[in-house]
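Remarks on the overall topology
Each chain is listed here by its residues.
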Amino acid sequence: MIRIAAVGDVHLDEDVVGRFRPALEELPGSADVLLLAGDLTRHGTESEARCVAQEFGGLGVPVVTVLGNHDHQCDQVPQVVKVLEDAGITVLEGTGVVLETPGGRLGVAGVKGFGGGFAGRCASDFGEPEMKAFVRTTNESADALGRALRELDCDLLVALTHYSPVPDTLAGEPLEIYPFLGSYQLGQAIDSAPTALALHGHAHHGTERGTTPGGVRVRNVAHPVIKQAYSVFHLGDHLVG
């Protein structure tokens, strides 16, 4: 059994730094790893990234993250990534990592992801260059996630994204914005490998539980949804959490 703690959309800046730390200090007793599903900052500045490093660094368990759309806002992604990595936080973008845990080797493949919508109600690679570029970004992101998942040699495999791979976990959000909250291509990527669990954030008014067309369990761990510092999932023959 591998214990996975996860949260997304913490949107840290100087005003809220310290909010999560008391609960995070208890992590080594309840989880083997912490996964962060993006939107770590409010506006993606280097100074906000230092708040994230202060909050989520040095926890006694490995911390793995993807970035979210907020973390891209100020075009300081290289600086943000460097601050996080200097704090010992692994940042994934179309890449993966294998972690040794007491319960076995956990593989985590991650990508921010992008919008596009879901089967029957999605953007298509047709028409204006701007639309083609939008869908191309979606496809490239999903392709990178699929490759990363399939390349990992591990006992249990987890997909970590910011955007949602399924519409199930968006229930509660306005239907009109579903195409900007996730894409079916991410779900296809997750189903292309023996993925045991998929975690995402981004949908603040969404629903916690969903499933890909291939049967992979999906959990929306956005902080406004789970309403706690993190959720813990026990991953083995069966998922608990």
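In short, a report on the structure. (Residues numbered from 1 in each chain as written. Predicted model: local features only at pLDDT ≥ 70, side-chain atom pairs only at ≥ 80, totals over all residues. Heavy atoms only, no water.)

In this structure, Leu24, Leu27, Leu34, Phe56, Leu59, Leu84 and Tyr230 are the most contacted members of the largest nonpolar core, which totals 29 residues. Taken together, the elements giving at least two residues each to this core come down to β1 (2-7), β2 (33-37), α2 (46-56), α3 (77-86) and β4 (89-91). Ignoring any residue separated from it by four or fewer positions in sequence, one finds leucine 84 in contact with Leu40, Ala49, Val52, Ala53, Thr65, Leu67, Ile89 and Val91. Core analysis: the next-biggest nonpolar cluster, separate from the first, contains 23 residues, Val33, Val64, Val66 and Leu197 among them. (Core = buried A, V, L, I, M, F, W, Y, C linked by side-chain atoms within 4.5 Å. Buried < 20%, exposed > 50% of the residue type's maximum accessible area, 1.4 Å probe, protein only. Helix = DSSP H or I, 4+ residues; strand = E, 2+ residues; numbered from the N terminus. Contact = heavy atoms within 4.5 Å.)

The next point concerns the sheet that holds strand β9 (residues 156-161). Ordered by their spatial adjacency, six strands build an open sheet running β5-β6-β9-β10-β12-β11, and the pairing between neighbours is mixed. Lying at the two open borders of the sheet, with one neighbouring strand each, are β5 (95-101) and β11 (209-211). Ignoring strand direction, the axes of neighbouring strands in this sheet form an average angle of 25°. Relative to strand β12 (residues 217-220), β11 runs antiparallel, the two being bridged by three bridges. Bridge pairing links threonine 211 to arginine 217 in β12. Across the sheet, helix α4 (residues 129-151) is in contact with β5, β6 (104-111) and β9; its angle to β6 comes to roughly 165°. (Pairing = 2+ DSSP bridges. Axes fitted to C-alpha atoms, helices over the stretch in contact; angles between N-to-C directions.)

Mapped onto the elements, serine 164 comes out in the loop between β9 and α5 (184-191). One polar contact links serine 164 to histidine 200, side chain to side chain, over a distance of 3.5 Å. Among residues more than four places away in sequence, those in contact with serine 164 are Phe118, Thr169, Leu170, Leu181, Gly182, Ser183, Leu186 and His200. (Polar contact = N/O pair within 3.5 Å; in protein donor to acceptor, adjacent residues only side chain to side chain.)

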